Every structure is written in C-alpha cells, then in structure tokens.
Amino acid sequence: MSLTNLIRDQIIIIDDHKRGNRESKHFDNTQNDVHIDKETNYPIDGKRQKIKIRIPINSERPIKIESNRKSISIPRKLKKEITEAFENKDIRQRFIGDVLETLANFDSILSSEEKAQSVLSRLSKHFDLNWDNETISKYKDEILQAYTQFYIDKSGRKYFLKLDREQIVIGENSGYPRQFKTYNP
C-alpha cells in the first residue's frame, strides 16, 4: 500500500515550520508533529479545499486534520482519504522517518542536483511513482534554488515532486500553474 491517494488530483506541501525562527528541532519531543498542508486541484463542496494535517511524530496522539479556512468543515471524503492513507503504522512511520531526515538536513538538500535527486527518489517511493527523467532546475547566481522531477504511476498519471529553499511539494501534475511556484498558504 502506498500514499498515492494523498496526492491524486491534489498536492501536499511539507515544510519545516520551525525554519527561520531559530528554534531547534527536537523531533524526539512527543509534542512535535509533522505538518502537511494539502490542497485539492478540484472543487469539493464547491471550493478547492485547503487543509492542514498534523501527524504526531513520537506519540500515540491521533492524526489531526484542520481546515485552513476556519469557517468550513472538512469534507468527509478528505478525512477518510487521509485516515486510510496513514492508518498503517509501518507505512506512516517510514514516510515520517524520510520526511524527518529531509527536514533535519533541509539546509543542504539543494547543495547539488544529485542530492536533491536522491531526496526526491527516496520520497517518491512512498507514492509508488517512477521518475520519467524530466526535471526543472532553477538557479540564481549559480546556486540551486528549486529542483523539480516529474513522475508517472502505474496507470500513467503524471505527478511531480519539488524541493525549494522552504518546502517540499508533492502532487499530481494537473497543469495548474501555481503548483510549480512557491506555495504561500
């Protein structure tokens, strides 16, 4: 089983929420969660949905799903999809382990295209995606700023994984142009 349902017709954004405020990362603290922002590429209940998923790292607390728009309730379809994707503890722990390793080394993941490619290869396995050898590398003053790789799944659907200086974006390549820009919720 993979996490593909989390990104089919959608994108997820993983970032280091403590980055920039000089807080140290204590991932063994039972109060810490991995935060994943999720955005649908299609309307649910008439709107493209934006939600936040809080996944406990080292505790038995349940996964928490919150709306980024305080006034709407989270559609049942999205809650079910997230719960089912993360209900298998082994799958959840392997994915979170790879995410934590990436976040712990976030300052160096764009030090070279090879390192970025290695990170994306490791993360793509959780979604059963195969790289189609297409990439986008964005440089500024000869420093890698963003790196995107494109993938396909077994049914031929197209996906992308993108690293930039602030986040990891994973999703289906819907052609929606904003998905390749920096995400600002």
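Residues numbered from 1 in each chain as written. Predicted model: local features only at pLDDT ≥ 70, side-chain atom pairs only at ≥ 80, totals over all residues. Heavy atoms only, no water.

Asker: Quick question: what am I supposed to make of the overall build of the chain here?
Answerer: Counting secondary structure elements, the chain contains three helices and eight strands. The order of helices and strands in the chain, counted from the N terminus, is β-β-β-β-α-α-α-β-β-β-β. Counting across all 185 residues of the chain, residues that qualify as buried make up 44%. Of the contacts formed within the chain by residues at least 6 apart in sequence, a portion of 52% connects residues at least 24 apart. Summing over all exposed atoms, the chain offers an accessible surface of approximately 10,100 Å²; the carbon and sulfur share of this is 45%. (Helix = DSSP H or I, 4+ residues; strand = E, 2+ residues; numbered from the N terminus. Buried < 20%, exposed > 50% of the residue type's maximum accessible area, 1.4 Å probe, protein only. Contact = heavy atoms within 4.5 Å. Areas by Shrake-Rupley, 256 points an atom, 1.4 Å probe, with all protein chains shown as cover.)

Asker: I would appreciate a short explanation of the packing of aromatic side chains in the present structure.
Answerer: The geometry of an aromatic ring pair is captured by the separation of the ring centres together with the interplanar angle, meaning the angle of the planes. Taken as a whole and assessed by the stated rule, the structure comprises two aromatic pairs. With a centroid separation of 6.1 Å and 40° between ring planes, the pair formed by Phe86 and Phe95 is classed as tilted. The same class applies to Phe86 and to Phe95, which are both buried. Both rings, one in Phe95 and one in Phe127, keep their centres 5.8 Å apart while their planes meet at 90°; by these two values the pair is edge-to-face. Linking Phe95 in helix H2 (residues 89-104) with Phe127 in the loop between helix H3 (113-124) and strand S5 (130-140), this pair joins segments that are 32 residues apart in sequence. Ring pairs connect the aromatic residues Phe86, Phe95 and Phe127, which therefore count as one cluster. (Phe/Tyr/Trp six-rings, centres within 6.5 Å; stacked < 30°, edge-to-face > 60°.)

Asker: Looking at this structure, how should I read the packing of H2 against H3?
Answerer: The description of two helices packed together rests on the angle between their axes and the distance between the axes. The geometry of H2 relative to H3 is characterised by a closest axis approach of 10 Å and an angle of 160° between their N-to-C directions. By the angle between their axes, H2 is roughly antiparallel relative to H3. The way H2 lies across H3 gives a crossing that is left-handed. Across the interface between the two elements, Asp98, Val99, Glu101 and Thr102 from H2 touch Val119, Arg122 and Leu123 from H3. Considered class by class, the residues forming the contact of H2 with H3 number three nonpolar, one polar and three charged. (Axes fitted to C-alpha atoms, helices over the stretch in contact; angles between N-to-C directions. Parallel < 35°, antiparallel > 145°, perpendicular 65-115°, else oblique. Left-handed = near helix turned anticlockwise from the far one by under 90°. Nonpolar A, V, L, I, M, F, W, Y, C, P; charged D, E, K, R; others polar.)

Asker: Just checking my understanding: could you explain unusual backbone geometry for this structure?
Answerer: At Asn133, a position not held by glycine, the phi torsion is positive, near 70°. Checked against the element boundaries, Asn133 lands in strand S5. Here Asn133 falls in the exposed class, since its relative accessible area comes to 59%. Phi angles above zero are rare outside glycine, and Asp141 is one such case at about 50°. Within the element layout of this structure, Asp141 appears in the loop between S5 and strand S6 (143-152). A residue is classified by how much of its surface remains accessible, and Asp141, at 68% relative accessible area, is exposed.

Remember that the coordinates give geometry; whether it matters functionally is a separate question.
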